[in-house]
Amino acid sequence: QVQLVESGGGLVQAGGSLRLSCAASGRTNSMYAMGWFRQAPGQELEFAAGINWSGGSTYYADSVKGRFTISRDNAKNMVYLQMNSLRPEDTAVYYCAAQRSYSVSRPPSLGYDYWGQGTQVTVSS
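Figured I'd write up the structure that's included with this text. (Residues numbered from 1 in each chain as written. Predicted model: local features only at pLDDT ≥ 70, side-chain atom pairs only at ≥ 80, totals over all residues. Heavy atoms only, no water.)

With respect to the layout of surface pockets
What counts here: Cavity: a set of points on a 1 Å grid over the protein atoms alone where a 1.4 Å probe fits but cannot get out. Pocket: an open set with protein on both sides within 12 Å along at least five of seven lines, its lining residues, like those of a cavity, having an atom within 4 Å of a point. Grid points are joined across faces, edges and corners, and a volume is the space filled by probe spheres set on the points. Comment: elements are numbered from the N terminus, with helices defined as DSSP H or I runs of at least four residues and strands as E runs of at least two. The nonpolar class holds Ala, Val, Leu, Ile, Met, Phe, Trp, Tyr, Cys and Pro. Asp, Glu, Lys and Arg form the charged class, and all remaining residues, Gly among them, are polar.
If you add up the space inside the largest pocket, you get close to 160 Å³. Residue lining of the largest pocket: 15 residues in total, with A24, T28, R72, N74 and N77 positioned closest to the centre. Within the residue set of the lining of the largest pocket, elements represented by two or more residues are β1 (2-7) and β8 (78-83). Broken down by class, the residue content of the lining of the largest pocket amounts to nine nonpolar, five polar and one charged.

The structure is reproduced here in structure tokens:
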């Protein structure tokens, strides 16, 4: 069992930046690909970014490519999402998720094994 806790969300103006963090605990000695997902009000949950277990391969949704950067520090059991040039349409609850796999699923799926509780990101215009 793996527990995931997100932090770093908040209110930011359009064009600003936020850095989300995800702390993993529990059985973290297995290989997990990690992903960030988001759900806007009234919208379905969607994939934003993913990273393989080693951190050597990343994958982004077209909507965030070039603005968001996912990274991880396995020694600290942490995953990050650096979000730059934020737009009002990035407003959503952001979730961290872990998948028992070395690689990120392509195309991305919602079939992740563990999920955090989410952190709210609000971008004002």
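Quick word on the sheet that holds β8
Using the following cut-off: Between any two strands, pairing holds if DSSP finds at least two bridges. Every angle, taken between N-to-C directions, lies between 0 and 180 degrees, and every axis is a line fitted to C-alpha atoms, over only the stretch in contact when it is a helix.
Sheet architecture is open: four strands sit in the order β1-β3-β8-β7, paired in antiparallel fashion. Since the sheet does not close on itself, it has two edges, and those belong to β1 and β7 (68-73), each with one partner. Strand-to-strand, the axes of this sheet are offset by a mean angle of 15°, without reference to chain direction. As paired strands, β7 and β8 are joined by six bridges and run antiparallel to one another. Bridge pairing links R72 to V79 in β8.

Comments concerning the state of the cysteines
Using the following cut-off: Pairs of cysteine sulfur atoms within 2.5 Å are what we label disulfides. Type-normalised accessible area, obtained with a 1.4 Å probe on protein chains alone, sets the label of each residue: buried when under 20%, exposed when over 50%, and partly exposed for intermediate values.
Taken as a whole, this structure holds one disulfide when the rule is applied. Here C22 pairs with C96 through a disulfide, and the sulfurs are 2.1 Å apart. Given an S-S torsion of about -75°, the disulfide between C22 and C96 has left-handed geometry. Taken together, the residues C22 in strand β3 (residues 18-26) and C96 in strand β9 (residues 92-99) connect sequence positions 74 residues apart. Here C22 falls in the buried class, since its relative accessible area comes to 1%. The exposure class assigned to C96 is buried, which follows from its relative accessible area of 0%.

Topic: the side chain of R72
Note the threshold: For the purpose of charge, His is not counted, nor are the chain termini; Lys and Arg are scored as positive and Asp and Glu as negative. Salt bridge, as used here, is a side-chain nitrogen of Lys or Arg placed within 4 Å of a carboxyl oxygen of Asp or Glu. Any pair of nitrogen or oxygen atoms within 3.5 Å is treated as a polar contact; in protein, a donor-acceptor pairing is required on top of that, and neighbouring residues in sequence qualify only through side-chain atoms on both sides. Only heavy atoms enter the contact rule, under which two residues are in contact if any of them lie within 4.5 Å.
Mapped onto the elements, R72 comes out in strand β7. Buried charge without a salt bridge: R72, with D73 as the nearest opposite-charge side chain at an N-O distance of 8.3 Å. A polar contact is formed between the side chain of R72 and the backbone oxygen of Y32, at a distance of 2.8 Å. Within polar-contact distance, the side chain of R72 engages the side chain of N74 at 2.7 Å. The residues touching R72, leaving out its near neighbours within four places in the chain, are Y32, A33, M34, I51, N52, W53, G55, M78 and V79.

Some points on the packing of aromatic side chains
Here is the rule we go by: Each pair of aromatic rings taken from Phe, Tyr and Trp, with Trp reduced to its six-membered ring, is defined by centres within 6.5 Å and is described as stacked if the planes are under 30 degrees apart, edge-to-face if over 60, and tilted in the remaining cases. Whether a charge lies above a ring is judged from NZ of Lys or CZ of Arg, which has to be within 6 Å of the ring centre and within 35 degrees of the ring normal.
Taken as a whole and assessed by the stated rule, the structure comprises seven aromatic pairs. Taking the centre distance of 5.6 Å and the plane angle of 40° together, the rings of F47 and Y59 count as tilted. With a gap of twelve residues between them, F47 in strand β5 (residues 46-51) and Y59 in strand β6 (residues 58-60) connect regions that are remote in the sequence. Assessed through its relative accessible area of 22%, Y59 is described here as partly exposed. Taken together, F37, F47, Y59, Y112 and W115 form an aromatic cluster joined through their ring pairs. A cation over a ring is seen here: R19 above Y80, with NZ or CZ 4.0 Å from the ring centre.

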